Amino acid sequence: SLGDAERRSIMQRMNAVLRSASSTRPLGTAACTGFCVMAVGDAVAQRSAGEKQFDPQRNFVSAAYNGLASPAFYRWYQLMDRLAP
């Protein structure tokens, strides 16, 4: 079992890796983040909807769609930040 200090250290390292990836490869990071968030979200949705079995195809398709769309959303929000600060 991890202590609080160890958990905090792991989270800080994960945050540093994410920040580094976001600055060096923003579109790839957006795609990976979008994919992962959607995969977890769909898994939770399937579970909470009372599905009898987990549907991996549904999960992958929805996660892939979001992973492909996320870089476009990233650019869109960058444009909106510039136009309406």
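Residues numbered from 1 in each chain as written. Predicted model: local features only at pLDDT ≥ 70, side-chain atom pairs only at ≥ 80, totals over all residues. Heavy atoms only, no water.

**Student:** Account for the pattern of salt bridges, naming residues and giving values.
**Tutor:** Scanning the model with the defined rule gives 2 salt bridges in all. For Arg-7, the salt bridge is made with Asp-4, and the minimal N-O distance between the two is 3.4 Å. Of the two residues, Arg-7 and Asp-4 are both situated in helix H1 (residues 4-24); the distance of 3 residues between them amounts to about one turn of the helix. Classification of Arg-7 by relative accessible area gives partly exposed; the value is 42%. Residue classification places Asp-4 among the exposed residues on the basis of a relative accessible area of 56%. Taking the shortest distance from any N to any O, the salt bridge between Asp-42 and Arg-58 comes out at 2.8 Å. Here Arg-58 lies in helix H3 (residues 56-83) and Asp-42 lies in helix H2 (residues 26-48), a separation of 16 residues in the sequence. Given a relative accessible area of 8%, Asp-42 falls into the buried group. Classification of Arg-58 by relative accessible area gives partly exposed; the value is 33%. (Salt bridge = Lys/Arg side-chain N within 4 Å of Asp/Glu carboxyl O. Helix = DSSP H or I, 4+ residues; strand = E, 2+ residues; numbered from the N terminus. Buried < 20%, exposed > 50% of the residue type's maximum accessible area, 1.4 Å probe, protein only.)

**Student:** I'd love a proper account of the side chain of Asn-59, names of residues and values included.
**Tutor:** Examined against the element boundaries, Asn-59 turns out to sit in helix H3. Relative accessible area serves as the criterion here: at 11%, Asn-59 is assigned to the buried category. In this structure Asn-59 touches Ala-39, Asp-42, Ala-43, Gln-46 and Phe-54, once residues within four positions along its chain are discounted. (Contact = heavy atoms within 4.5 Å.)

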